[in-house]
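# Observations on chain architecture
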Amino acid sequence: MSDFLSKVPERLKWWIEARFGMFIHWGLYAVPARGEWVMFFERIPKSEYAKLARKFNPKRFDADKWVALAKEAGMRYMVLTTRHHDGFCLWDSQVSDFTSVKAAAAKRDFIAEYVEACRRAGIRIGFYYSLLDWRWPEYWDGPSKNPEGWARFREYVHAQVRELMTNYGKIDILWYDGAWPYTAEDWQSQRLNRMVRNLQPNIIMNNRSGLPEDFETPEQHIQYFDRPWESCMTISEAWWGYHAGDKHLKSPLEIIRLLVRCVAGNGNLLLNVGPKADGSIPEAYARRLRAVGEWLKRNGESIYGAGAAPFRAAHLGQITAKKNKVYVHVFYWPGKEMCVAGIKNKVLRTYMLATKEVLSFKQRGDRLFIYGLPRRPPDPIDTVVVIELEGKPEAAPPSFWRQ
């Protein structure tokens, strides 16, 4: 694993070990079921949008079931939207009446139920919080046009973050969003995050308050960074909140290969699901997540706590590494033998990760040849071959043009 990962703060180490988390976008937008931006795209007046709260009474909401599914999928942490851009709070905020306790038919604090379920199951707890709120004219005016109004709006935001950091015990992740188009100075993010750290000393935060903080968050794509990062992606084609018309879902193959690509670049995957208005996670999502979890039961050693290897094998797939082992994730099956080049270390043994079947091999300079593979891949999604080395993996410089 790269040096920058070995030098991260102590508070980040569990997160790097975890590698895979569940993102959940859920709120009033689940009622019309046209995605989390429905208020914005359809220009729904806030008075009209607020009426959706009367219909928000999710009889099938069960936080324990959400958490159980995350664990079945092999996810080690969860991040739930406490408040999205529409301003609707899933907790009993004291600075807003637009909440699941005051305004909704449900009269429930869903954040409290989620936190309690995570703690019962031993899964790490994350809160998503959007800085922007479409219901405030002061947000649209901005600090230049309406400085006094902006100051009131900003204090509302800071007060809500304080509530979330105070009322629910230890929280592991604060996942900001919605700082655009304003600056960290406009939001007074340094003051905000200083307060967060005073209340939650071991919390980790993403970079979306306008400050770098602990980790980067590329959205809907994989981008490597020389610091901790996490790619957040939807299980559906585009929408984070439930959209009844979005029928294209990522397959287990796509999800697993995205996860592997993240880990091979020293990153995490935060995979989003959008529950329905009744609180249930669609069974089509659940089936895919369980299939990913089954693969991780056999191959999780190559994911949890693993990171980038110093050499590549793009003709085969991806490589992850941990301690003195490298894990070749074979997406493109080569037939009865395979070659991995660029290995400086002495190879001690090679074997299939899922079955522990030992494989024969020969080293020729920096090239490793592995023999005795089956004609077809044992796992059509990703067959993992382990290469056990003498010492930490090291790369040999290419020299084939000299021979």
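Quick look at the structure, then. (Residues numbered from 1 in each chain as written. Predicted model: local features only at pLDDT ≥ 70, side-chain atom pairs only at ≥ 80, totals over all residues. Heavy atoms only, no water.)

What follows covers unusual backbone geometry. In this structure, the amide linkage connecting Trp 180 to the following residue, Pro 181, adopts the cis form with an omega of -5 degrees. Inspection of the secondary structure assignment puts Pro 181 in the loop between β4 (173-177) and α9 (184-187). Phi at Ala 33 is positive, roughly 60 degrees, even though this residue is not glycine. Mapped onto the fold, Ala 33 is located in the loop between β1 (20-24) and α3 (38-41). In this structure Ala 33 comes out as buried when scored by relative accessible area, which is 12%. (Helix = DSSP H or I, 4+ residues; strand = E, 2+ residues; numbered from the N terminus. Buried < 20%, exposed > 50% of the residue type's maximum accessible area, 1.4 Å probe, protein only.)

With that settled, consider the nonpolar core. Counting 99 residues, the largest nonpolar core has Met 78, Phe 127 and Leu 174 as the members making the most contacts within it. By size, the runner-up hydrophobic cluster in this structure holds 22 residues, among which are Ala 321, Val 347, Ile 370 and Ile 387. (Core = buried A, V, L, I, M, F, W, Y, C linked by side-chain atoms within 4.5 Å.)

Strand order in the open sheet formed by seven strands is β5-β4-β3-β2-β1-β7-β6, and the pairing between neighbours is parallel. The open sheet terminates on both sides in strands that have one partner only, identified here as β5 (204-205) and β6 (229-234). Note that strand β3 (residues 124-130) and β4 share five bridges and pair parallel. The residue of β4 that forms the bridge with Phe 127 is Leu 174. The sheet contacts of helix α6 (residues 110-121) involve β2 (77-83) and β3, and relative to β3 the element is tilted by about 155 degrees. (Pairing = 2+ DSSP bridges. Contact = heavy atoms within 4.5 Å. Axes fitted to C-alpha atoms, helices over the stretch in contact; angles between N-to-C directions.)

On to α6. Between its first and last C-alpha atoms α6 spans 17 Å; for twelve residues at 1.5 Å apiece the expected length is 16 Å, and the two agree. Where α6 is buried, its residues touch α5 (63-72), β2 and β3. The residue sitting at the N-terminus of α6 and contributing the capping side-chain oxygen is Asp 109; that oxygen lies 3.1 Å from the backbone nitrogen of Ile 111. (Expected span 1.5 Å × (residues − 1). Polar contact = N/O pair within 3.5 Å; in protein donor to acceptor, adjacent residues only side chain to side chain.)

In this section: the packing of aromatic side chains. One pass over the structure, following the stated rule, counts 38 aromatic pairs. Ring centres 5.1 Å apart and planes at 70 degrees place the aromatic pair Trp 37 and Trp 134 in the edge-to-face group. One end of the pair, Trp 37, is in the loop between β1 and α3; the other, Trp 134, is in the loop between β3 and α7 (137-145), with 97 residues separating them in the sequence. By relative accessible area, which is 8% here, Trp 134 ends up buried. Judged by centre distance (4.8 Å) and plane angle (55 degrees), the rings of Trp 150 and Trp 187 are tilted. (Phe/Tyr/Trp six-rings, centres within 6.5 Å; stacked < 30°, edge-to-face > 60°.)

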